[in-house]
Amino acid sequence: MSADGVPGGGSRRLAAVAAGAVAVGLLLILLHRTVAAIVTTWYTSATYNHGFLIIPICFYLAWRRRDLVASVAIAPEWRGLALVVLAAVAWLIGNAAGALVVQELCLVVMIQAVILTMYGLPLFRLLIFPLLYLFFAVPIGDAVIPPLQALTAFSAVGLLNFVGVPVFSDGNVISIPTGSFYVAEACSGVRYLIGSLAIGALFAGLMYRSWGRRVLFLLVSIVVPVVANAVRAFGIILLAYLSNNELAVGVDHIIYGWIFFSLVTFLVLGVGTTFREAEAVPVVTKTGRGNGSLIGIVLAGLLALVPVAAARGYGDFMLDMGPTAAVAPGSPLDAVKLASAFAQ
C-alpha cells in the first residue's frame, strides 16, 4: 500500500490521469454542440485555422512540466465546484441568448474548473500556463474588426499624406488619383493580430520568467501586427499610385499577405530571443504527495459533471418548449450557421 492509500503510487497517478481524461471527455460529449461549433469555425475561417494547433501545444506545455506534476500532491479541491457551477450557468445563459462565444469561453472555463476540482490547487498552479493558453482555441476577435478597419484606413491615409500622395478618405474608403480602395474586413489585420497574440503568448511563456517581460512582449505582439497591417495597406495603395494600378492587384496576397506578416513576426521573435531569461531549474520534492484518495478524485470528477449535465439538460428542455423554442439558438444547425457567420 502506497502513502496515497492506493496500491502503487505510479498506478494511482495513471488511474488519476485516466479519470481526468474521462471526465473531460464526458464534458466535451455533453457540450458537443459547442465543440462542433468551435471546430467548424476552425475549419471554415482562415482567421482561426490556428485553433487546430492549440490543443497539441497545450499538451506539449503540460508535458514539459511532467516531473513537477508527478511530484505534487493531488487531492480534490471542492471549492472548484463553485467555478464549475458558475461556468455552467453562464453557458446556459449564452445558449439561451444565442451567444456562441460565451458558450465557447465557458466550455474552456469548465475544463479548467474540472481539472481544479479533481486534482487540487497545487497541480492547477503548475499547469496554469497550458490551461490559460487553451483560451486561444476559442474563435474570438471579430468584435475588433470594425475598429481595426478604421485604424488601418486612418494610418494609411496619414502615411500617404506624409509621402505626398494626393488622397481623400471617407470612412474606410481611400481615394487616390488612380482609383479608390476600400479597407474591407479581410484587410483589417485581425488574423495577423490573433496569430501574433497566440505566437507571442507561447513565446513569452517559454522564454521569460518575469511577468514584466511577458507582459511587455505581449504588448509588442499586439502593437506590431497592427502597425504592420497599416504599413501593408499603405504599401498596396502606394504601389497602385506609382504603377497606375498595374502592380497592386496581385501583390496583396503574394508579398503583403502572410509572407509580410511572417517576416515581421520572425523579426520580433528574433529581437525577443536576445532578452530571453534562463529557465529556472525546478526543485522536485517528494513530500506530501497524493493526499487524496483515488475514489475522492473520481467522485470530484463526477460531481463536477453534474452542473454541466444539468445545464445541458435544461437547455435542451427550453428548446423543446414550443414554437418559440423551435427557432431558439443552440440547435446543431444554428451552431453551424453561427460558426459560418463567424468565419465570414
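Asks: Summarise the environment of glycine 205; cite the residues concerned and give the values.
Replies: Tracing the backbone shows glycine 205 in helix α10 (residues 190-207). In contact with glycine 205, other than residues within four places in its own chain, are Phe129 and Arg214.

Asks: Before we move on, can you summarise the packing of α10 against helix α11 (residues 211-243) with the specific residues and values?
Replies: Orientation of α10 relative to α11, taken along the N-to-C sense of each, is 155°, at an axis distance of 9 Å. By the angle class used here, α10 and α11 are roughly antiparallel. Note on packing geometry: the crossing formed by α10 with α11 is right-handed. Of the residues in α11, those in contact with Tyr192, Leu193, Ser196, Leu197, Gly200, Ala201, Phe203, Ala204 and Gly205 of α10 are Arg214, Phe217, Leu218, Ser221, Ile222, Pro225, Val226, Asn229 and Arg232. The class makeup of the residues in the contact of α10 with α11 is 11 nonpolar, five polar and two charged.

Asks: Quick rundown of the side chain of glutamine 149? Include the residues and the values.
Replies: Its location among the elements puts glutamine 149 in helix α9 (residues 145-162). Beyond its immediate sequence surroundings of up to four residues, glutamine 149 is in contact with Asn172, Tyr182, Val183, Ala184, Glu185 and Ser188.

Asks: Give a description of the packing of aromatic side chains that names residues and reports values.
Replies: Counted under the stated rule, the structure contains eight aromatic pairs. Here phenylalanine 203 and tyrosine 208 contribute two aromatic rings whose centre-to-centre distance is 6.0 Å and whose plane-to-plane angle is 80°, an arrangement assigned as edge-to-face. Residue classification places phenylalanine 203 among the buried positions, given a relative accessible area of 11%. In this structure tyrosine 208 comes out as buried when scored by relative accessible area, which is 5%. Within the aromatic cluster, the residues linked to one another by ring pairs are Phe129, Tyr133 and Phe136.

Asks: Explain a nonpolar patch on the surface residue by residue, including any values.
Replies: On the surface, Trp211, Val215, Leu219, Ile222, Val223, Val227 and Val231 cluster together to form a nonpolar patch covering roughly 650 Å² of accessible area. Looking at the secondary structure, you find valine 223 in helix α11.

Asks: Summarise empty space enclosed by the protein; cite the residues concerned and give the values.
Replies: Summed over all chains, the structure comprises four cavities of 30 Å³ or more. Forming the walls of the largest cavity are 13 residues, and the residues nearest its centre are Ser196, Ser221, Val224, Thr265 and Val268. For the lining of the largest cavity, the secondary structure elements donating two or more residues are α10, α11 and α13 (258-273). Classifying every residue of the lining of the largest cavity by side-chain character gives nine nonpolar, four polar and no charged.

Asks: Could you give an account of the nonpolar core, with specific residues and numbers?
Replies: Judged by nonpolar contacts, the single largest core of 56 residues is most densely connected at Leu27, Leu31, Met110, Met118, Tyr119, Leu123 and Tyr133. Element by element, the count of residues in this core is highest for helix α6 (residues 100-119), at 11 residues. Apart from the residues within four sequence positions on either side, tyrosine 133 is in contact with Ile54, Ile57, Cys58, Leu61, Ala198, Ala201 and Leu202.

Asks: How would you summarise the pairing of strand β3 (residues 179-182) if you had to cite specific residues and measurements?
Replies: Two elements, strand β2 (residues 173-176) and β3, share four bridges in a ladder whose sense is antiparallel. Bridge pairing in β3 links serine 175 to serine 180. Between β2 and β3, which pair antiparallel in sequence order, lie two residues.

Asks: Just give me the short version of α10, but keep the residues and values in it.
Replies: One full turn of an α-helix is made of 3.6 residues, so residues set three or four places apart face in the same direction. Its 18 residues place the ends of α10 25 Å apart at the C-alpha level, agreeing with the 26 Å of an ideal helix rising 1.5 Å per residue. Where burial is concerned, most of α10 is hidden: 14 out of the 18 residues are buried.

Asks: Now, about the pairing of β2: what can you tell me, with residues and values included?
Replies: Residues Ile174 and Ile176 of β2 are buried on one face, while the alternating residues Val173 and Ser175, pointing to the opposite face, are not. Hairpin connection of strand β1 (residues 168-170) to β2: two residues between the antiparallel strands, including glycine 171 at a positive phi of 70°.

Asks: How would you summarise the sheet that holds β2 if you had to cite specific residues and measurements?
Replies: In a beta sheet, neighbouring strands pair by backbone hydrogen bonds and run either parallel or antiparallel. Taking strand neighbours across the sheet as the criterion, the three strands line up as β1-β2-β3 in an open arrangement whose pairing is antiparallel. Two strands close off the open sheet at either side, each with one partner strand: β1 and β3. In this sheet, adjacent strand axes meet at a mean angle of 20° when their direction is disregarded. As judged from the three bridges shared by β1 and β2, these two strands associate in the antiparallel manner. Bridging from a neighbouring strand, phenylalanine 168 pairs with serine 175 of β2. α9 rests against β1, β2 and β3 of the sheet, and its axis sits at about 20° to β2.

Quick notes on the rules
- Residues numbered from 1 in each chain as written.
- Predicted model: local features only at pLDDT ≥ 70, side-chain atom pairs only at ≥ 80, totals over all residues.
- Heavy atoms only, no water.
- Helix = DSSP H or I, 4+ residues; strand = E, 2+ residues; numbered from the N terminus.
- Contact = heavy atoms within 4.5 Å.
- Axes fitted to C-alpha atoms, helices over the stretch in contact; angles between N-to-C directions.
- Parallel < 35°, antiparallel > 145°, perpendicular 65-115°, else oblique.
- Left-handed = near helix turned anticlockwise from the far one by under 90°.
- Nonpolar A, V, L, I, M, F, W, Y, C, P; charged D, E, K, R; others polar.
- Phe/Tyr/Trp six-rings, centres within 6.5 Å; stacked < 30°, edge-to-face > 60°.
- Buried < 20%, exposed > 50% of the residue type's maximum accessible area, 1.4 Å probe, protein only.
- Patch = residues over 30% accessible without salt bridge, like charges linked within 9 Å, V, L, I, M, F, W, Y side chains within 5 Å.
- Areas by Shrake-Rupley, 256 points an atom, 1.4 Å probe, with all protein chains shown as cover.
- Salt bridge = Lys/Arg side-chain N within 4 Å of Asp/Glu carboxyl O.
- 1 Å grid on protein atoms, 1.4 Å probe; cavity = no way out; pocket = protein on both sides within 12 Å on 5 of 7 lines; lining within 4 Å.
- Points joined across faces, edges and corners; volume = space filled by probe spheres on them.
- Core = buried A, V, L, I, M, F, W, Y, C linked by side-chain atoms within 4.5 Å.
- Pairing = 2+ DSSP bridges.
- Expected span 1.5 Å × (residues − 1).

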